[in-house]
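So the chains spell out like this:
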Amino acid sequence: MRDFLPADKARRERVLRTIRDRYRVHGFDEIETPVMEDHARLHAGIGGDNEKLAYNVLKRGLDADAIRAAAEDPSALTDLGLRYDLTVPLARFYASHRAELPRVFRAVQIAPVWRAERPQKGRYRQFVQCDIDIIGDATSRAEAELVVATLDTLDALGLEGGEVRVNDRRLLDAMLEAFGFPVDARAGVLITLDKLDKIGPDGVTAELRERGAADEAVSAVAAHLSHLAASAAGSGFALTAEGIRGALPGGMPDDVVAHLVGLGEAVAAARGMAAGSADVPLRFDPFLVRGMGYYTGTIFELAHPAVSYSLGGGGRYDGMIGRFLGQEVPAVGFSLGFERLVDLVPATDETVSDAVVLVHDSDAPVGDLLALKSALLRRGARVRLEQRTKNIKALLERARADGFTAFATVAAGESDAELLQIKPLD
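Here is what the cut-offs are and how they apply
Residues numbered from 1 in each chain as written. Predicted model: local features only at pLDDT ≥ 70, side-chain atom pairs only at ≥ 80, totals over all residues. Heavy atoms only, no water. Salt bridge = Lys/Arg side-chain N within 4 Å of Asp/Glu carboxyl O. Buried < 20%, exposed > 50% of the residue type's maximum accessible area, 1.4 Å probe, protein only. Helix = DSSP H or I, 4+ residues; strand = E, 2+ residues; numbered from the N terminus. Pairing = 2+ DSSP bridges. Right-handed = clockwise from strand over helix to strand, strands pointing away. Axes fitted to C-alpha atoms, helices over the stretch in contact; angles between N-to-C directions. Polar contact = N/O pair within 3.5 Å; in protein donor to acceptor, adjacent residues only side chain to side chain. Parallel < 35°, antiparallel > 145°, perpendicular 65-115°, else oblique. Left-handed = near helix turned anticlockwise from the far one by under 90°. Contact = heavy atoms within 4.5 Å. Nonpolar A, V, L, I, M, F, W, Y, C, P; charged D, E, K, R; others polar.

Caption draft 1: Geometry of the pattern of salt bridges. Across all of its chains, the model carries 30 salt bridges by this definition. Between Arg-211 and Glu-207 there is a salt bridge whose closest N-O contact spans 3.9 Å. Given the relative accessible area of 44%, Arg-211 is considered partly exposed. Its relative accessible area of 15% is what places Glu-207 among the buried residues. With a closest N to O distance of 3.0 Å, Arg-379 and Glu-418 form a salt bridge. Of this pair, Arg-379 sits in the loop between α15 (366-378) and β13 (382-387) while Glu-418 sits in the loop between β14 (406-410) and β15 (423-424), and the two are 39 residues apart along the sequence. Given the relative accessible area of 44%, Arg-379 is considered partly exposed. For Glu-418, a relative accessible area of 64% gives the class exposed.

Below is the structure:
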């Protein structure tokens with residue numbers, strides 16, 4: 001959890017303004033949810049490993065005896081917790097307000113979340129997520145809208161060249177079935193496959209054997225990884241029927257492949273490109289997993305050539321809202337990792353063209369100073385009052401670093417803004 005100095009805060013707010021503006025023009029409406037949710041909701045088995053990282057809030061009014069009696073049962077000690085993502089709160093929000101929302105609801109949430117991470121570069125215990133979600137649309141149009149809005153936002157931030165890697169949890173399940181993994185072993189197999197980019201094909205097969213997987217299934221994985229290494233370009237496979245089927249074993253479900261092909265065609269059209277063109281910033285990745293337990297269909301991650309890690313991701317979670325509503329509702333979302341993203345955004349000159357520091361003598365009347373400041377504010381200037389110091393050069397250098405472009409000195413008795421001698425800070 002970090003503090004931010006004024007320059008850092010200004011940079012973060014500029015990036016957030018751009019993200020909000022782009023999402024708004026794409027038709028998404030911003031909502032806000034509480035920072036805390038019910039403990040039972042946050043620990044319903046749908047948040048994957050993030051549930052283990054949740055900050056729980058102790059029940060109010062417990063005495064020492066009650067705490068000792070409940071020490072073996074965390075749910076008896078806590079009734080609330082800080083949100084570890086924005087998707088669980090959104091599902092609860094939609095279930096609570098469905099009657100007041102449109103049939104297809106396009107939501108924006110930009111807010112901090114909390115996880116008890118081990119602090120390290122790029123991983124914080126409090127961080128901002130920027131989520132867009134579409135609830136009520138089961139077609140690939142929803143995924144396409146999310147991907148197009150995300151890529152457009154990346155472009156607006158000056159980060160052209162981003163690419164979205166795509167897969168589907170249903171294809172992953174069908175692939176593991178084709179390899180011969182039993183249903184009860186597949187969750188562990190996916191954990192290992194998710195490490196492919198870190199430990200490589202040999203590491204994956206070795207870890208699968210350590211998990212006790214059947215030799216035939218491990219051999220099938222190894223053979224398929226070898227096949228992909230020989231056939232795939234470094235950037236992955238095109239999101240076309242040919243590209244998807246070429247990256248998978250035979251017998252994959254036609255409807256899922258068609259869903260992804262529709263997504264590829266729609267994004268290509270939005271970007272003014274031919275479907276299947278190498279320039280379309282979509283790639284099929286047959287071993288993209290994403291660890292959240294609530295994903296039921298399409299999953300994606302945002303990649304950029306400037307970094308080796310993802311800048312965001314998301315997927316379809318059609319089963320989550322039904323847990324709160326008692327009725328299945330299709331839903332899909334895409335989240336930008338703001339903390340990683342903000343460090344990549346090119347610096348720009350954020351100074352206001354008319355930003356003035358009024359350096360005043362200590363005996364200048366407060367009323368005169370505020371009258372001068374108000375007169376400059378009415379002209380559209382940004383104004384700061386600073387009492388003169390012995391080292392005025394250091395004062396002005398600090399003002400320049402804070403984005404001010406000009407200054408004027410004010411002595412006691414000066415109250416006419418027209419008579420100020422405003423000089424540039426250069």
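Caption draft 2: The pairing of β13, seen in detail. With six bridges connecting them, strand β12 (residues 355-360) and β13 associate as parallel partners. When the sheet's bridge partners are listed, Ala-355 is paired in β13 with Arg-382. Read as a crossover between parallel neighbours, the route from β12 over α15 to β13 is right-handed.

Caption draft 3: Representation of helix α8 (residues 186-193) within the structure. With respect to burial, α8 is a largely interior element, six of its eight residues being buried. Among the residues making up α8, those that are buried are Arg-186, Gly-188, Val-189, Leu-190, Thr-192 and Leu-193.

Caption draft 4: Up close: the sheet that holds strand β4 (residues 78-82). An order of β2-β4-β3 is seen for the three strands of this open sheet, with the pairing classed as antiparallel. Edge positions in the open sheet fall to β2 (36-38) and β3 (56-58), since each of these has one partner strand only. Adjacent strand axes in the sheet meet at a mean angle of 40° when their direction is disregarded. Relative to β4, β3 is paired through three bridges, and the arrangement is antiparallel. If you follow Val-57 over to β4, its bridge partner there is Leu-80.

Caption draft 5: The arrangement of helix α7 (residues 169-179) in detail. Listed as buried for α7 are Arg-169, Leu-171, Leu-172, Ala-174, Met-175, Leu-176 and Phe-179. The distance from a side-chain oxygen at the start of α7 to the backbone nitrogen of Arg-170 is 2.8 Å, and the residue carrying that oxygen is Asp-168. Positive phi shows up at Gly-180, right after α7, with a value of about 105°.

Caption draft 6: Here's a closer look at the packing of helix α6 (residues 140-156) against helix α12 (residues 254-270). In contact at an axis separation of 9 Å, α6 and α12 are set at 40° when each is read in the N-to-C sense. When the axis of α6 is compared with that of α12, the two are oblique. At the point where α6 passes α12, the crossing takes the right-handed sense. Contacts between α6 and α12 involve Ser-140, Glu-143, Ala-144, Val-147, Val-148 and Leu-151 from the first element and His-259, Gly-262, Leu-263, Ala-266, Val-267 and Ala-270 from the second. Tallied by class, residues from the contact of α6 with α12 come to eight nonpolar, three polar and one charged.

Remember that the coordinates give geometry; whether it matters functionally is a separate question.
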